2 protein chains.
Amino acid sequence: MVRSPKPKSGLAGPLTATRRSPGSAETSQTGSRRRLSPGDREKSIAAAAVAFFAERGFEGQTRELATILGITQPLLYRYFPSKEALIERVYQDVFVGRWDPFWEETIKDRSVPLETRLITFYISYANVILTPEWVRLFMFAGLKNLDFNARYLNFLRNRVFESVVDELRAHFDRPSIANVPASNIEIEIVWSIHSSIFYLGVREFIYRLPPDGDVKDIIRAKIQTLLGGIATVLPPAEHAT
Amino acid sequence: MVRSPKPKSGLAGPLTATRRSPGSAETSQTGSRRRLSPGDREKSIAAAAVAFFAERGFEGQTRELATILGITQPLLYRYFPSKEALIERVYQDVFVGRWDPFWEETIKDRSVPLETRLITFYISYANVILTPEWVRLFMFAGLKNLDFNARYLNFLRNRVFESVVDELRAHFDRPSIANVPASNIEIEIVWSIHSSIFYLGVREFIYRLPPDGDVKDIIRAKIQTLLGGIATVLPPAEHAT
DNA sequence: CGCGATCTTTATCGTGCGATAAATAGCGTT
DNA sequence: AACGCTATTTATCGCACGATAAAGATCGCG
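Quick caveat, the model's predicted, so the values are computed rather than measured.

Rules used in this analysis
Residues numbered from 1 in each chain as written. Chains lettered and ligands numbered in written order. Predicted model: local features only at pLDDT ≥ 70, side-chain atom pairs only at ≥ 80, totals over all residues. Heavy atoms only, no water. Helix = DSSP H or I, 4+ residues; strand = E, 2+ residues; numbered from the N terminus. Buried < 20%, exposed > 50% of the residue type's maximum accessible area, 1.4 Å probe, protein only. Contact = heavy atoms within 4.5 Å. Areas by Shrake-Rupley, 256 points an atom, 1.4 Å probe, with all protein chains shown as cover. Near = heavy atom within 4 Å. Polar contact = N/O pair within 3.5 Å; in protein donor to acceptor, adjacent residues only side chain to side chain. Nonpolar A, V, L, I, M, F, W, Y, C, P; charged D, E, K, R; others polar. Salt bridge = Lys/Arg side-chain N within 4 Å of Asp/Glu carboxyl O. Least-squares fit on C-alpha atoms with pLDDT ≥ 70 in both. pLDDT = per-residue confidence, 0-100. Expected span 1.5 Å × (residues − 1). Phe/Tyr/Trp six-rings, centres within 6.5 Å; stacked < 30°, edge-to-face > 60°. Axes fitted to C-alpha atoms, helices over the stretch in contact; angles between N-to-C directions. Parallel < 35°, antiparallel > 145°, perpendicular 65-115°, else oblique. Left-handed = near helix turned anticlockwise from the far one by under 90°.

> Go over the overall build of chain A, please, and point to the residues and values.
Secondary structure summary: chain A contains 11 helices and 0 strands in total. Secondary structure of chain A in N-to-C order comes out as α-α-α-α-α-α-α-α-α-α-α. Relative to its 241 residues, chain A shows a buried fraction of 46%. Of the contacts formed within chain A by residues at least 6 apart in sequence, a portion of 65% connects residues at least 24 apart. Counting only carbon and sulfur atoms, one obtains 55% of the accessible surface of chain A, whose full area is about 12200 Å².

Take a look at the structure:
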């Protein structure tokens, strides 16, 4: 796994080391050897840190991260004052930086059938969160007993769950949550679908026992089951689809 | 709180206080002071280790565990050859030791309505797994990239999921899995309910954002939604309930 | 070229942690 | 009550890891 960054071969050594193609720094660290611009270096460290801490957890050692990057460990401290600061940056990049505001609109667009909207949203959301980085980092963060996860999930509840409940209400001709607030059970029903989708990622990236079959199909089936089941548990007033 | 087995009332034991001034009993563990029988000591270490590693993760330090136990750190090594062996014991006690074989019978008992069986099973199962120890240790184990979780879940699939699918089949007058094996989608439907219940524990003990309301009610609602939804997605041949 | 700025490395400190060995002390036995 | 077995503690080793300081190397600019 480790690198052999030393171009010990007398031939190739000097050239590759001295002259690197600018800006073409990439993941396989042979290219970026020395003296990147601060901006590029910081980005490359942050990107590597995301993958690294997702795999190893936040106890992963800065020396190993540096080795993966093909740099020395003290260099990390020129760009981030501490390991904790680097972890903070990882949170930002993954959880804040990957939120798509369009999701909130998708759910509320009543020109589209509800089932379609939910499927569209959840497939798109799944594309973002069902990655090893998102799933594992989120779990590592939770296990650290910070309030980060609770904050994210409150945000999610306000931006997504409440809307989904409201759309379900409209779909079944029931009052808006503006008039009758979402009940615990209604929120839990949304949690059911949400958690069962996130759990696909837990199974694949934490348990290493990936679900059999196409995630899109599974999501579709889950949402159809949900909508059918809600119809049974909460029979509609008059409307039905 | 772990435990406080010995109340240190004013006139506590002349025995326990032999060498130690009662007032100087520091952290928490003051009851058992010294020279337990090997069996008792081992059990007390194992029990404390479950709570400790569940809280701190497997990177939790043996010195802190010893402090909680009111013993010194090297004593741990008289009862467990290494930290890793102690962790192995924790796995055994929590994941193997808490499995209830009766669960498998509950699911298959066709003298009881399916909805009742599922609710009974999942409430009982939830009683065991929806604890900080089970949930957090399971997640810590998964994040360590061992095959432990995959083995447990394969066991669960064979002992529970397949049976649930079979019972759903019977409920809706469809062929037994003995004749037509469970499909991916069917297994996924069971995963949906299962993961949404386990996720109640993740929310409470990892995210520290406990679900609102009684877990039993939530489980009941989830199972009713599941059964109703399956009826919609996979309409029955002739039978209906 | 050569020089200076700064990006990167080499060297190192202090601490924390798993583990071991030797010394100490509780408790049953006689 | 003394004895001896062994449960428990005291003392310590070795290394890993985050972090810092100083030396060295690279590149733009004149």
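> An account of the protein's contact with DNA strand D is needed here, citing residue identities and associated values.
Near DNA strand D, the surroundings consist of 25 residues, among which Gln61(A), Tyr77(A), Leu36(B), Arg78(B) and Tyr79(B) are the closest. Take the atoms of DNA strand D that sit within 4 Å of the protein: sugar and phosphate atoms are 65% of them. Separating a base oxygen of DNA strand D from a side-chain N or O atom of Arg35(A) is a distance of 2.9 Å. Between DNA strand D and Lys83(A), the relevant distance is 2.8 Å, taken from a phosphate oxygen to a side-chain nitrogen or oxygen of the residue. Broken down by secondary-structure element, the contributors of at least two residues to the surface near DNA strand D are α3 (62–69) and α4 (73–79) of chain A together with α1 (38–56) and α3 (73–79) of chain B. Tallying contributions element by element places α3(B) first for the surface near DNA strand D, with 4 residues. Within the surface near DNA strand D, the residues separate by chemical class into 8 nonpolar, 7 polar and 10 charged.

> Tell me about the protein's contact with DNA strand C, and name the residues and values.
Taken together, 24 residues are adjacent to DNA strand C, and Leu36(A), Tyr79(A), Arg35(B), Gln61(B) and Tyr77(B) come closest. Here, DNA strand C places atoms within 4 Å of the protein, and 62% of those atoms are sugar or phosphate. Take Leu36(A): an N or O atom from its main chain is 2.5 Å from a phosphate oxygen of DNA strand C. The separation between a phosphate oxygen of DNA strand C and a polar side-chain atom of Tyr77(B) is 2.5 Å. Elements that contribute at least two residues to the surface near DNA strand C include exactly α2 (38–56) and α4 of chain A together with α2 (62–69) and α3 of chain B. Among the elements that line the surface near DNA strand C, the one with the most residues is α4(A), at 4 residues. In terms of residue class, the surface near DNA strand C is made up of 8 nonpolar, 6 polar and 10 charged.

> Account for the interface of chain A and chain B, naming residues and giving values.
Across the contact, 45 residues belong to chain A and 45 residues belong to chain B. Its salt-bridge partner being Arg203(B), residue Glu188(A) comes within 2.8 Å of it at the nearest N-O pair. Across the chain A-chain B interface, the total number found is 14 residue pairs in polar contact (both at pLDDT 80 or more). Looking at the side of chain A that touches chain B, the elements with two or more residues in it are α8 (132–143), α9 (148–171), α10 (184–206) and α11 (215–233) of chain A. With 14 residues, the single largest contributor to the side of chain A that touches chain B is α10(A). When grouped by side-chain class, the residues that make up the side of chain A that touches chain B number 22 nonpolar, 14 polar and 9 charged.

> A description of the pattern of salt bridges should follow, citing residues and the corresponding values.
Residue and element names in this part refer to chain A. Tallied over the full model, the rule gives 30 salt bridges over all chains. Across the pair Arg208 and Glu55 runs a salt bridge, and its minimum N-O distance is 3.4 Å. Of the two residues, Arg208 sits in the loop between α10 and α11 while Glu55 sits in helix α2, which places them 153 residues apart along the sequence. Through salt bridges with shared partners, a single network forms among Arg110, Arg117, Asp166 and Glu167.

> Explain the relation of the copies chain A and chain B to me, and be specific about the residues and the numbers.
Aligned on chain B, chain A shows an RMSD of 0.0 Å; the corresponding rotation is 180 degrees and the shift along the axis is 0.0 Å. In the structure described here, the two chain copies are related by an operation that fits a two-fold rotation axis. Using C-alpha coordinates, one finds that chain A approaches the rotation axis most closely at Gly229(A), a distance of 1.7 Å. The fraction of interface residues of chain A whose copies in chain B are also interface residues reaches 100%, indicating that both copies meet through the same surface.

> Account for the confidence of the model for chain A, with residues named and values stated.
In this model, chain A carries an average pLDDT of 84, and 82% of its residues clear a pLDDT of 70 or more. Counting interchain partners and residues more than four positions distant, the pLDDT-below-50 stretch residues 1–32 of chain A has 18 contacts.

> Before we move on, can you summarise α1(B) with the specific residues and values?
Residue pairs three or four apart in sequence face the same way in an α-helix, which turns once every 3.6 residues. Residues and elements named next belong to chain B. The end-to-end C-alpha distance of α1 is 26 Å, a good match for the 27 Å that 19 residues give at a rise of 1.5 Å each. Those residues of α1 that fall on the buried side of the exposure criterion are Arg41, Ser44, Ile45, Ala46, Ala48, Ala49, Val50, Phe52, Phe53 and Ala54. Gly57, located one to two residues past α1, shows a positive phi value of around 85 degrees.

> Hey, could you go over the packing of aromatic side chains for me, with residue numbers and the actual values?
Scanning all chains against the criterion turns up 54 aromatic pairs over all chains. Ring plane angle 85 degrees and centroid distance 4.9 Å describe the contact between Phe95(A) and Trp134(A), whose orientation is recorded as edge-to-face. Remark: Trp134(A) occurs in helix α8 and Phe95(A) occurs in helix α5 (residues 83–96); sequence separation between them is 39 residues. What makes Phe95(A) buried here is its relative accessible area of 4%. For Trp134(A), a relative accessible area of 3% corresponds to the buried category. Plain terms: the ring middles of Phe121(B) and Tyr125(B) are 5.4 Å apart, the flat faces sit at 25 degrees to each other, and that makes the pair stacked. Of this pair, Phe121(B) and Tyr125(B) both sit in helix α6 (residues 114–129), separated by 4 residues, roughly a single helical turn.

> Can you tell me about the side chain of Glu188(B), naming the residues and giving the values?
Note on placement: Glu188(B) falls in helix α9 (residues 184–206). A relative accessible area of 4% places Glu188(B) in the buried class. If we ignore the near neighbours within four places in the chain, the residues touching Glu188(B) are Leu200(A), Arg203(A), Pro211(A), Asp212(A), Ile218(A) and Lys222(A).

> How would you sum up the packing of helix α7 (residues 114–129) of chain A against α9(A)? Please name residues and give values.
Residue and element names in this part refer to chain A. Where α7 contacts α9, the two axes come as close as 10 Å, and the packing angle between them is 160 degrees. When the axis of α7 is compared with that of α9, the two are roughly antiparallel. Our pair here, α7 against α9, has a crossing hand that is left-handed. Here Leu114, Arg117, Leu118, Phe121, Tyr122 and Tyr125 of α7 come into contact with α9, specifically with Tyr152, Leu156, Val160, Phe161, Val164, Glu167, Leu168 and His171. Its residues assigned to classes, the contact of α7 with α9 shows 11 nonpolar, 1 polar and 2 charged.

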